[in-house]
Protein chains: 2
Amino acid sequence: MSAIELAETTLMRIERDEDALHAYAWLDRDAVMAEARRLDSQGLHGPLSGHTVAVKDIFDTADMPTGCGSPIHAGRRPAKDAAAVAAIRAACGLVVGKSVTTEFAQFPPAATRNPHNLAHSPGGSSSGSAATVAAGGASLATGTQTAGSIIRPAAFCGIVGYKPSFAVISRNGLSLISETLDTIGGFARTVSEVALFVGVMAGRGDLVTPLVPRAPRLALWETPDEGDADPHAVAELHRVAQVAASAGAVVEPLPAAAPWNGLLEAQKVIMAWEGVRALAFERCFHRDLLSAPLRAYLDEAALTSPEAYLAALHTRRTLGAELSAAMEPFDAVLTLSARGEAPLAETGTGDPQFNRVWTLLGGPALHLPTARGPLGLPIGVQLVATPGRDPGLLGAALWLESVLG
Amino acid sequence: MSAIELAETTLMRIERDEDALHAYAWLDRDAVMAEARRLDSQGLHGPLSGHTVAVKDIFDTADMPTGCGSPIHAGRRPAKDAAAVAAIRAACGLVVGKSVTTEFAQFPPAATRNPHNLAHSPGGSSSGSAATVAAGGASLATGTQTAGSIIRPAAFCGIVGYKPSFAVISRNGLSLISETLDTIGGFARTVSEVALFVGVMAGRGDLVTPLVPRAPRLALWETPDEGDADPHAVAELHRVAQVAASAGAVVEPLPAAAPWNGLLEAQKVIMAWEGVRALAFERCFHRDLLSAPLRAYLDEAALTSPEAYLAALHTRRTLGAELSAAMEPFDAVLTLSARGEAPLAETGTGDPQFNRVWTLLGGPALHLPTARGPLGLPIGVQLVATPGRDPGLLGAALWLESVLG
């Protein structure tokens, strides 16, 4: 298919859904067609040829505004591409628009709906990215995760979401909310596509080419929060573990429970402390244009003492090392991605309680959709590993995807 | 002094020197006066009242262009303040302009000259920031360090430069060249002023108020590179150690030499790998507007293999832990900041060989000016510590500053 045909098909699909889905903060049909014509006429080909890409609206783009889900930045034109976006374009990915983010990738929900059921949330903060990939509006989309903003929307929308290890992808040109947590990743329909996409953004060939599916050593992690999870989600986790074991994977319980709650609290403290500092411009000089919930969250965050923040960093180092040591013998930990199916949109974007600790640790995390829940909405499982073990995690995910069919 | 008087005096001083010094990439007299009038008329006071601030031209500013020392970004208006700049303004610091950076804070030198001798370099990459503080054009200036871009210019210009621990100050709105190395810090005339300044940017009251000068435990570090240093710089290091010991400090040799060269090489590999990815937009889409040396550097950096990068990250973890363990019993390591006096401008901005390893480790580093060399240019010493030990390092620097007079 030519880039022009790809662009036409894609735009038709986006335009069909957009009034109901609200996945895009910016869409410029003429610009997309012009870019497609350029790719075709110059005969350009690259690793992302044939892919359409939605870019979360907190990445700078040279040719589109970057609104960050906030009236403070509405229409702001950064006049440069974020490094990750430039890597996508250099690989001949066709950028189709800016996907809706919650306000500064924080908690207040955006207008985007879940393509599987419009009454439900697509998750957040990468709401538009997950929704459009699930709806076929783009084959790939960028995301960022500070607590659970890639894994949760992927789970609710029934697609693959992959947050690589911390700092694998350059954040140059990204609006940051947490210096030590924000991680760029992506959404796709399959594990191999998401690995290709993240590999391109990272400039990491080793995340793509030697990707061999193999029966992994998996640790099954029944988090202390499992009581908060829906029974069908817990049952699905155990079904997947059973299928994996039957197909030849080693599946053992993860021998570590103690540090979980301390790490969960540490993540919240670090995210709050760093968030109020990252948004100093908005909070100090455009306070009235922040939503009331975000203003309240930041105001409370501003009360965190240096001692509490430093203690949280200490907890991350010490308890994090303890949890990481328990994970080390395994290719990946198999665990819950979210509480269960997507919640109703009016209740928010869901809770990142199953993601915070893994983001804090800084290792790779991947959501694999595996089934549907009682409401007919997608559910699945999460694979996580210690920092730097992305190739092993991707191999395990690829294998699991194939044995699950 | 009113803000208006401060602005007038400062602008007069800047304008007197600017034709020779080239410290500013952007200066708008009317905007500075308007801001000063606003501070006075609204009776605004904050921790940085009475201070004038120059902002390195890789920090986004809402009211001034951010050129990054490159024609690619000349005149670009980001329409928002970097978080650190917003923190400065919220503390009532009077921003006087954008100070010259080398091209993307990399190695090719800028036009800025050393105020102590115009034939010499002010160092880089925070060239304009260091030069204007030394010349009295601003009492404070922001800087960033990836290899030695704060400590070296501070040394060459004879002022205090302080790079806090990695990630202490939010990089939201900063043009990045290295995800895991770039660190925001500042320049001032005294230790207490630089601590106040960095404390404000970080939102870290504990870096400012409990700052108590006390006789520290110092490790004297004679780097394997000392043979590359000028004899007068080495002599000054030993003189300072002697004075400190006489005044009551414990001064012992640092018992670690082995890991140095491995760490030095690892820093170069990491900076190159991350740099070529951070500058993807510029390299892929504005290649012709990069200077020839930077283009050549990035092209060579692009050849680094994932294996080499991952090995360098491994070296940082393992040898870094070894060096950090040796540093742990001390409040600070006393070492060289630079080879010696500022080099002639036509030879470049000097070599960051005495800074790379400490930046790689991620701990605080501070330059203290202590004397003049044979050419009459400033020299001094560097204090470094392990990550998070900023308060102890600042206390040691304050004490050393006072005993040296």
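Values in this document were obtained by computation on a predicted structure and should not be read as measured data. (Residues numbered from 1 in each chain as written. Chains lettered and ligands numbered in written order. Predicted model: local features only at pLDDT ≥ 70, side-chain atom pairs only at ≥ 80, totals over all residues. Heavy atoms only, no water.)

1. Observations regarding the overall build of chain A
Consideration 1: Each helix and strand in chain A was counted, giving 13 helices and eleven strands.
Consideration 2: In summary, chain A has a C-alpha radius of gyration of 20 Å against a globular reference of 22 Å for 405 residues, a match within 12%.
Consideration 3: For chain A, the C-alpha atoms occupy an extent of roughly 55 × 50 × 40 Å along the three principal directions.
Consideration 4: Within the span of chain A, comprising 405 residues, buried residues form 63% of the whole. (Helix = DSSP H or I, 4+ residues; strand = E, 2+ residues; numbered from the N terminus. Rg over C-alpha atoms; globule rule 2.2 N^0.38 Å. Buried < 20%, exposed > 50% of the residue type's maximum accessible area, 1.4 Å probe, protein only.)

2. Side note on the relation of the copies chain B and chain A
Consideration 1: Placing chain B over chain A gives an RMSD of 0.0 Å and needs a rotation angle of 180°, together with 0.0 Å of translation along the axis. Seen this way, the second copy is the image of the first under a two-fold rotation axis. Among all residues of chain B, the one whose C-alpha sits closest to the rotation axis is P78(B), at a distance of 2.7 Å.
Consideration 2: Here 100% of the contact residues of chain B are again contact residues in chain A; the copies associate through an equivalent surface. (Least-squares fit on C-alpha atoms with pLDDT ≥ 70 in both. Contact = heavy atoms within 4.5 Å.)

3. Remarks on the side chain of S170(B)
Residues and elements named next belong to chain B.
Consideration 1: Looking at the secondary structure, you find S170 in the loop between β5 (160-163) and β6 (183-188).
Consideration 2: For S170, a relative accessible area of 12% puts it in the buried group.
Consideration 3: At 3.2 Å, the side chain of S170 forms a polar contact with the backbone nitrogen of N172. (Polar contact = N/O pair within 3.5 Å; in protein donor to acceptor, adjacent residues only side chain to side chain.)

4. Quick look at unusual backbone geometry
For residues that are not glycine, phi is negative in most cases, and the peptide bond is trans in most cases.
Consideration 1: Going from G124(A) to S125(A), the amide bond is cis rather than trans, its omega being 5°.
Consideration 2: Looking at the element boundaries, S125(A) is found in the loop between β3 (94-99) and α4 (127-135).
Consideration 3: With a phi close to 50°, H22(B) is a non-glycine residue in the positive phi region.
Consideration 4: Along the chain, the position of H22(B) falls in the loop between α1 (3-21) and β1 (24-27).
Consideration 5: Although it is not a glycine, A79(B) adopts a positive phi angle of roughly 65°.
Consideration 6: Residue class for A79(B) comes out partly exposed when judged on its relative accessible area of 43%.

5. As for the sheet that holds strand β4 (residues 140-145) of chain A
Residue and element names in this part refer to chain A.
Consideration 1: Taken in spatial order, the eleven strands of this open sheet run β1-β3-β2-β4-β6-β5-β10-β11-β9-β7-β8, and their pairing is mixed. A strand with exactly one partner marks an edge of an open sheet, and here the two such strands are β1 (24-26) and β8 (250-253). Geometrically, the sheet is characterised by an average inter-axis angle of 30° between neighbouring strands, direction not taken into account.
Consideration 2: Relative to the sheet, helix α6 (residues 191-202) contacts β2 (52-56), β4, β5 (160-163), β6 (183-188) and β10 (365-372), its axis offset from that of β6 by approximately 145°.
Consideration 3: Strands β7 (217-220), β8, β9 (332-335), β10 and β11 (378-384) of the sheet are contacted by helix α7 (residues 231-246), whose axis makes an angle of about 100° with β10. (Pairing = 2+ DSSP bridges. Axes fitted to C-alpha atoms, helices over the stretch in contact; angles between N-to-C directions.)

6. Observations concerning empty space enclosed by the protein
Left-over empty space is what a probe sized like a water molecule reveals as it rolls over the atoms.
Consideration 1: Tallied over the entire structure, the rule returns 15 cavities of 30 Å³ or more.
Consideration 2: Roughly 100 Å³ of internal volume is contained in the largest cavity.
Consideration 3: Taken together, 16 residues make up the lining of the largest cavity; nearest its centre are G173(A), L174(A), D60(B), G173(B) and L174(B).
Consideration 4: Taken together, the residues that form the lining of the largest cavity break down as four nonpolar, six polar and six charged.
Consideration 5: In this structure, the second largest cavity encloses a volume near 90 Å³.
Consideration 6: Surrounding the second largest cavity, A167(A), V168(A), I169(A), S170(A), M201(A), A202(A), R204(A), E179(B), W273(B), E274(B), R277(B) and Y309(B) form its lining.
Consideration 7: Elements with a contribution of two residues or more to the lining of the second largest cavity: α6 of chain A together with α8 (260-278) of chain B.
Consideration 8: Here the lining of the second largest cavity gets three residues from one element, more than from any other, and that element is α8(B).
Consideration 9: Taken together, the residues of the lining of the second largest cavity sort by class into seven nonpolar, one polar and four charged. (1 Å grid on protein atoms, 1.4 Å probe; cavity = no way out; pocket = protein on both sides within 12 Å on 5 of 7 lines; lining within 4 Å. Points joined across faces, edges and corners; volume = space filled by probe spheres on them. Nonpolar A, V, L, I, M, F, W, Y, C, P; charged D, E, K, R; others polar.)

7. Quick word on the sheet that holds strand β10 (residues 365-372) of chain B
Sheet strands associate in pairs through backbone hydrogen bonding, adopting either a parallel or an antiparallel arrangement.
Residue and element names in this part refer to chain B.
Consideration 1: Spatially, eleven strands are ordered β1-β3-β2-β4-β6-β5-β10-β11-β9-β7-β8 in an open sheet, and the strand pairing comes out mixed. Each having just a single partner strand, β1 and β8 (250-253) make up the two edges of the open sheet. The sheet shows a mean angle of 30° between the axes of neighbouring strands, direction not considered.
Consideration 2: Here β1 runs beside strand β3 (residues 94-99); their pairing, made up of three bridges, is antiparallel. Counted as the bridge partner of Y24 is S99 from β3.

8. Side note on the pairing of β9(A)
Remember that side chains alternate between the two faces of the sheet whenever the strand is regular.
Residue and element names in this part refer to chain A.
Consideration 1: Here β9 shows a buried face lined by A332 and L334 and a second buried face lined by V333 and T335.
Consideration 2: Where β7 meets β9, three bridges bridge the pair, whose relative direction is parallel. Considered in β9, the bridge of L218 is made with A332.
Consideration 3: Sheet topology places β9 next to β11; three bridges connect them, and they run antiparallel. Counterpart to V333 in the pairing with β11 is V384.

9. Focus on the packing of helix α7 (residues 231-246) of chain B against helix α13 (residues 390-404) of chain B
All names here are of chain B.
Consideration 1: The contact between α7 and α13 brings their axes to 10 Å, and the two run at 95°. Taken together, the axes of α7 and α13 lie roughly perpendicular to each other. Residue-level contacts link R239, V240, V243 and A244 of α7 to W399, L400, V403 and L404 of α13.
Consideration 2: Looking at the contact of α7 with α13 residue by residue, the class counts come to seven nonpolar, no polar and one charged. (Parallel < 35°, antiparallel > 145°, perpendicular 65-115°, else oblique.)

10. Points about the packing of helix α8 (residues 260-278) of chain A against helix α11 (residues 306-327) of chain A
Residue and element names in this part refer to chain A.
Consideration 1: At a closest axis distance of 9 Å, the pairing of α8 and α11 adopts a crossing angle of 140°. In terms of orientation, α8 and α11 fall into the oblique class. The two elements α8 and α11 meet at a crossing, and its hand is left-handed. Residue-level inspection shows G262, L263, A266, V269, I270, W273 and E274 of α8 in contact with α11, the latter providing P306, A308, Y309, A312, L313, T315, R316, L319, G320 and L323.
Consideration 2: Across the contact of α8 with α11, the residue classes tally to twelve nonpolar, three polar and two charged. (Left-handed = near helix turned anticlockwise from the far one by under 90°.)

11. Remarks on the pairing of strand β11 (residues 378-384) of chain B
Residue and element names in this part refer to chain B.
Consideration 1: Judged by how many residues are buried, β11 sits mostly within the fold: seven of seven residues are covered.
Consideration 2: Sheet analysis places β10 next to β11, joined by seven bridges and oriented antiparallel. In the sheet register, L368 faces β11, and the bridge partner there is V381.
Consideration 3: The turn linking β10 back onto β11 is made up of five residues, and G376 within it adopts a positive phi angle of 85°.

12. Some points on the interface of chain B and chain A
Consideration 1: Listed per partner, the contact involves 37 residues of chain B and 37 residues of chain A.
Consideration 2: For the pair chain B and chain A, the summed buried surface comes to about 3,000 Å²; carbon and sulfur atoms form 60% of the total.
Consideration 3: Of all residues in chain B, N172(B), E179(B) and F281(B) bury the most surface against chain A, accounting for 18% of the area lost on that side.
Consideration 4: Where chain B packs against chain A, one counts two salt bridges. (Buried area = accessible area lost by both parts, 1.4 Å probe. Salt bridge = Lys/Arg side-chain N within 4 Å of Asp/Glu carboxyl O.)

13. What to know about the pattern of salt bridges
Residues and elements named next belong to chain B.
Consideration 1: Summed over all chains, the structure comprises 30 salt bridges over all chains.
Consideration 2: With a closest N to O distance of 2.8 Å, D63 and R89 form a salt bridge. Of this pair, D63 sits in the loop between β2 (52-56) and α3 (83-90) while R89 sits in helix α3, placing them 26 residues apart in sequence.
Consideration 3: Across the pair E328 and R389 runs a salt bridge, and its minimum N-O distance is 2.9 Å. Remark: R389 occurs in the loop between β11 and α13 and E328 occurs in the loop between α11 (306-327) and β9 (332-335); sequence separation between them is 61 residues.

14. Quick look at the packing of aromatic side chains
All names here are of chain A.
Consideration 1: All chains considered together, the criterion is met by eight aromatic pairs over all chains.
Consideration 2: A centroid spacing of 6.1 Å and a plane angle of 80° characterise the contact between F107 and Y297, whose relative ring orientation is edge-to-face. Separated by 190 residues along the polypeptide, F107 in the loop between β3 and α4 and Y297 in helix α10 (residues 292-301) bring together distant segments of the chain.
Consideration 3: Accessibility expressed as a relative area gives 23% for Y297, which makes it partly exposed.
Consideration 4: Residues W221 and W260 carry aromatic rings whose centres are separated by 5.5 Å and whose planes lie at 55° to one another, so their mutual orientation is tilted. Within this pair, whereas W221 is found in the loop between β7 and α7, its partner W260 is found in helix α8, the two being separated by 39 residues in sequence. Across the pair, exposure class does not vary: W221 and W260 are buried alike.
Consideration 5: Of the aromatic side chains, those joined through ring pairs into one cluster are W221, W260 and W358.
Consideration 6: Here R277 stacks its cationic end above the ring of W273, 3.3 Å away from the centre of that ring. (Phe/Tyr/Trp six-rings, centres within 6.5 Å; stacked < 30°, edge-to-face > 60°. Lys NZ or Arg CZ within 6 Å of the ring centre and 35° of its normal.)

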